[in-house]
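# Structural features, examined
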Amino acid sequence: MTNQYLQAFMDDIDRITVVCDTPQVDILEISLSCDVMITLVSQTSTSYTYQTNLPLPLDTPIFAIVNGEKIPVLFRYIARLPLFDDYFYYDGILGYTYTPEQTEFKLWAPGATQVYLLLDDVPYEMIKQERGVYTYTFLGNCLHQTYMYGIYRHTDYHEVVDPYTKAVTVNGERGVIVTVPTASKVPLPPVDVPIIYEMHVRDMSSHIDSGIQHKGMFLGLTEHNTHTSHLQKTGIDYMTSLGVTHVQMMPMADYSAQSVDETQPWRSYNWGYDPLHFNVPEGSYSTNPYDPMTRILECQAFIDKCHQEGLRVIMDVVYNHVYHIKEHSFEKIVPFYFFRRDEYGVLTDGTGVGNDFASERKMARKYIVDSVSYWAQTYQIDGFRFDLMGMLDIQTMQDVSRRLKAINPHIIILGEGWDMGTLPTPQKAMQANAHLISDIAFFNDKFRDNVKSFVSGQLGFEGIIFNQILGTAPYTHMNQMVQYVEVHDNYTLWDYLTLHNTSENDTIRLKRHRLATSMVLLTFGIPFLHAGQEFMRTKSGIENSYCSPDIINQMDWDRAFVYQDNIEYVTSLVHFRKEHPFFATTDFDTIKEMVKLIKSDEQIIAYCVKDLFIIHSANFYGKDLYLPHGTYTLLISSESISVKKWIVGSKGITVPPLSTLVLKKER
Ligand code: CA
């Protein structure tokens with residue numbers, strides 16, 4: 001019997017709050033079903049808070065008897081205390097373990113009073129074990145059956161999809177028992193000089209003239225010899241032709257049906273930063289989202305194809321929040337545990353999307369570590385890019401790194417180390433704490449911002465950029481610095497230049513753009529390109545195109561055809577970089593010894609590395625530059641300069657306006 005106006009919560013091991021909904025109830029008499037004494041310590045118009053003389057039991061349901069009525073005491077803020085983790089942390093396998101003979105199910109659900117496995121809707125009561133784990137072993141073969149968990153907390157009841165499920169029905173509505181094959185291992189040599197290319201599954205093929213059959217799908221990126229009617233290469237052949245070493249996939253794990261409805265994917269577009277099921281590929285990228293295995297096999301086919309082509313795959317993972325907290329399994333399974341709340345119990349919103357995943361709690365951390373390990377092992381993922389990594393805690397990222405490197409020592413981990421959210425500063429996986437996670441790389445937004453200012457003609461950025469090229473704190477070595485000027489977020493560089501250099505024509509803008517990309521590919525650190533940057537990608541001035549139509553987000557292959565020269569130029573820089581192993585130097589001191597500054601003023605940054613002279617000029621006019629006397633070969637020029645051999649006398653050279661040159665001193 002439950003009073004519909006009263007609820008009782010455990011907020012600490014010795015604290016209970018009774019909340020009175022309207023109409024208010026005067027509590028005249030209260031006791032607990034367990035053998036402890038309670039004392040009223042505070043009261044408001046809607047709540048009574050009591051202290052107990054002894055610790056409350058955590059493993060048996062307790063009740064408050066209020067004015068003679070029996071009210072269940074539910075876990076509330078106690079779930080966020082370290083003592084809760086100490087008591088309930090479970091280090092074993094969760095989810096299901098399938099064999100044709102039997103399947104074992106395990107769910108971590110402290111606070112539940114009864115849990116049912118619903119296998120094709122048939123209920124089986126699960127058995128409570130230690131540490132809040134509920135388990136059930138189904139005898140027989142349940143392959144391809146759907147499953148849900150039905151969770152009671154006294155009269156409170158929820159049906160949820162298992163967060164550990166490896167497969168789901170369309171739009172992720174139900175979990176499914178499958179056996180996921182381990183993707184084939186294609187041995188790729190370790191990469192000394194990674195070059196990352198960021199792209200979105202759907203964008204790469206959605207263009208009407210892409211020549212790709214499976215538009216918007218994983219399989220579209222397994223098709224060879226695809227091209228437009230102008231014979232512009234598209235799809236995987238195009239990506240391979242650029243020479244990049246890693247493709248970074250914008251989210252390809254299952255995201256919400258509200259973002260893209262898998263039953264009619266072309267009705268809307270989304271980048272996919274609205275996570276739903278973290279261990280399942282997104283259904284709208286499969287040829288049949290209704291069949292749970294199709295998306296799994298097609299995602300693996302795509303990764304496999306990349307590997308065969310020598311491309312390593314980095315996956316963008318979004319563990320910092322979920323799309324809809326109230327509807328998400330995590331909050332329904334253990335309320336108040338998986339998401340951060342402030343001192344008043346209100347959800348924090350550091351991510352800007354209404355909820356922050358509490359990675360610092362042990363079972364939340366375990367979930368992230370288990371999830372990336374699963375992708376690395378079962379899908380052969382070569383790297384992970386952590387969205388809003390600064391929201392996560394340092395220990396989680398240390399554990400992630402340790403586990404992933406044990407699976408594959410060459411795995412790349414990078415993240416957005418912005419300072420955000422409510423964790424104490426020393427715990428945040430952010431740039432300023434880079435020394436605590438030294439095998440993880442960070443998007444270097446200083447490089448991005450300074451180079452954008454420099455190339456668009458602003459003064460005074462030469463010295464600061466030179467420092468970024470050589471490597472600088474807070475990073476501890478060059479492989480922590482992801483050097484970029486454009487990503488999926490914000491304006492594309494072309495749109496940025498259109499906005500900032502309004503009076504200029506496309507010819508000038510192209511020079512500025514090319515200069516910026518040259519600086520990315522000729523720096524130390526990990527260069528990062530946004531797909532289409534090599535052909536002046538535009539999103540028609542839309543700054544945040546996360547749900548803009550395909551026409552805005554697609555790779556515009558007609559534009560690629562127009563800017564073929566630039567694609568060739570960028571490709572030549574990629575090859576140049578790969579041919580010069582010194583770019584892989586990671587130690588700051590070694591780089592400082594190796595690099596000599598020649599000029600860093602008048603909007604020119606010029607330096608030499610061994611016998612190579614690298615010159616970037618953002619000056620609108622040709623400028624004289626002193627170089628040591630001798631004979632030089634021009635290896636790279638952002639201008640179409642026909643002379644390849646330069647004899648440099650006492651006057652030095654004239655650096656063309658808005659250009660990049662790389663010269664090799666022969667003698
Ligand atoms: Ca989905």
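Here's what I pulled together on the structure shown here. (Residues numbered from 1 in each chain as written. Predicted model: local features only at pLDDT ≥ 70, side-chain atom pairs only at ≥ 80, totals over all residues. Heavy atoms only, no water.)

Turning our attention to the sheet that holds strand 27 (residues 595–601). In any sheet, the strands associate via hydrogen bonds between backbone groups, in a parallel or an antiparallel arrangement. Read from one edge to the other, the open sheet built from six strands follows the order 27-28-29-34-31-32, with strand pairing classed as antiparallel. A single partner strand is all that each edge strand has here, and the edge strands are strand 27 and strand 32 (645–648). Along the sheet, successive strands turn relative to each other by an average axial angle of 25 degrees, direction set aside. Here six bridges tie strand 28 (residues 604–609) to strand 29 (residues 612–617), and the two strands are oriented antiparallel to one another. Bridge assignment links V609 to a residue of strand 29, and that residue is L612. (Pairing = 2+ DSSP bridges. Helix = DSSP H or I, 4+ residues; strand = E, 2+ residues; numbered from the N terminus. Axes fitted to C-alpha atoms, helices over the stretch in contact; angles between N-to-C directions.)

Next up on the list: the sheet that holds strand 23 (residues 412–415). An order of 17-18-21-22-23-24-25-26 is seen for the eight strands of this closed barrel, with the pairing classed as parallel. Pairs of neighbouring strands in the sheet enclose a mean axial angle of 30 degrees, with direction left out of account. Sheet topology note: the strand 21 (residues 312–317)/strand 22 (residues 383–386) ladder contains four bridges and is parallel. When the sheet's bridge partners are listed, M315 is paired in strand 22 with F384. Against the sheet, helix 6 (residues 394–407) touches strand 22 and strand 23, its axis set at about 160 degrees to strand 23. (Contact = heavy atoms within 4.5 Å.)

With their axes 10 Å apart at the nearest point, helix 10 (residues 506–521) and helix 13 (residues 564–579) run at an angle of 20 degrees to one another. Here helix 10 is positioned roughly parallel relative to helix 13, judged by the angle of their axes. For the crossing formed where helix 10 meets helix 13, the hand is right-handed. Across from L510, R514, T517, S518, V520 and L521 in helix 10, the residues of helix 13 making contact are D565, N566, Y569, V570, L573, V574 and R577. (Parallel < 35°, antiparallel > 145°, perpendicular 65-115°, else oblique. Left-handed = near helix turned anticlockwise from the far one by under 90°.)

The biggest cluster of nonpolar side chains holds 175 residues, and the ones touching the most others in it are F105, W108, Y197, M252, F384, F386 and M397. Ranked by the residues each element gives to this core, the list is headed by helix 5 (residues 362–378), at nine residues. Ignoring sequence-local partners within four residues, the contact set of W108 consists of F84, F88, Y90, L94, R131, G132, V133, I333, V334, Y337, F338 and M363. Grouped together as the second largest cluster of nonpolar side chains are 15 residues, C608, F613, I615 and W646 included. (Core = buried A, V, L, I, M, F, W, Y, C linked by side-chain atoms within 4.5 Å. Buried < 20%, exposed > 50% of the residue type's maximum accessible area, 1.4 Å probe, protein only.)

Moving on, we get to the coordination of the calcium ion. For the calcium ion, the full set of protein donor atoms is D254 (OD), Y255 (O), E262 (OE) and E282 (OE), at a range of 2.3 to 2.4 Å. Within one chain, the residues serving as donors to the calcium ion are arranged as D-Y-x6-E-x19-E. The pair formed by D254 and E262 is uniform in burial state, with each residue classed as buried. (Donors = N, O, S within 2.8 Å, 3.2 Å for Na, K, Ca; no water.)

Looking now at empty space enclosed by the protein. Considering all chains together, one arrives at four cavities of 30 Å³ or more under this definition. Of the pockets and cavities examined, the largest cavity occupies roughly 130 Å³. Forming the boundary of the largest cavity are 14 residues, of which L94, W108, P163, Y164 and F338 lie nearest the centre. Of all elements in the fold, only strand 9 (102–108), helix 4 (329–333) and helix 5 reach the threshold of two or more residues within the lining of the largest cavity. With three residues, the top contributor of residues to the lining of the largest cavity is strand 9. A volume near 80 Å³ is recorded for the second largest cavity. For the second largest cavity, the lining is made up of 13 residues, of which A253, P275, F278, V317 and V318 are closest to its centre. Residue assignment for the lining of the second largest cavity shows that the elements contributing at least two residues are strand 19 (253–255), strand 20 (275–281) and strand 21. When the residues that make up the lining of the second largest cavity are grouped by side-chain class, the tally is ten nonpolar, one polar and two charged. (1 Å grid on protein atoms, 1.4 Å probe; cavity = no way out; pocket = protein on both sides within 12 Å on 5 of 7 lines; lining within 4 Å. Points joined across faces, edges and corners; volume = space filled by probe spheres on them. Nonpolar A, V, L, I, M, F, W, Y, C, P; charged D, E, K, R; others polar.)

Attention now goes to the packing of aromatic side chains. Summed over all chains, the structure comprises 49 aromatic pairs. Both rings, one in F84 and one in F88, keep their centres 4.8 Å apart while their planes meet at 50 degrees; by these two values the pair is tilted. Note that F84 and F88 are positioned in helix 1 (residues 82–88) at a spacing of four residues, about one turn of the helix. Neither residue differs from the other here; F84 and F88 are each classed as buried. Where Y116 meets Y152, the ring centres are 6.2 Å apart and the plane angle is 75 degrees; that geometry is what we call edge-to-face. Here Y116 is found in strand 10 (residues 114–119), whereas its partner Y152 is found in strand 14 (residues 146–153), with 36 residues between them in sequence. Cation over ring: R202 sits above W266, and NZ or CZ is 4.3 Å from the ring centre. Lying across the ring of W494, R559 places its NZ or CZ 5.3 Å from the centre. (Phe/Tyr/Trp six-rings, centres within 6.5 Å; stacked < 30°, edge-to-face > 60°. Lys NZ or Arg CZ within 6 Å of the ring centre and 35° of its normal.)

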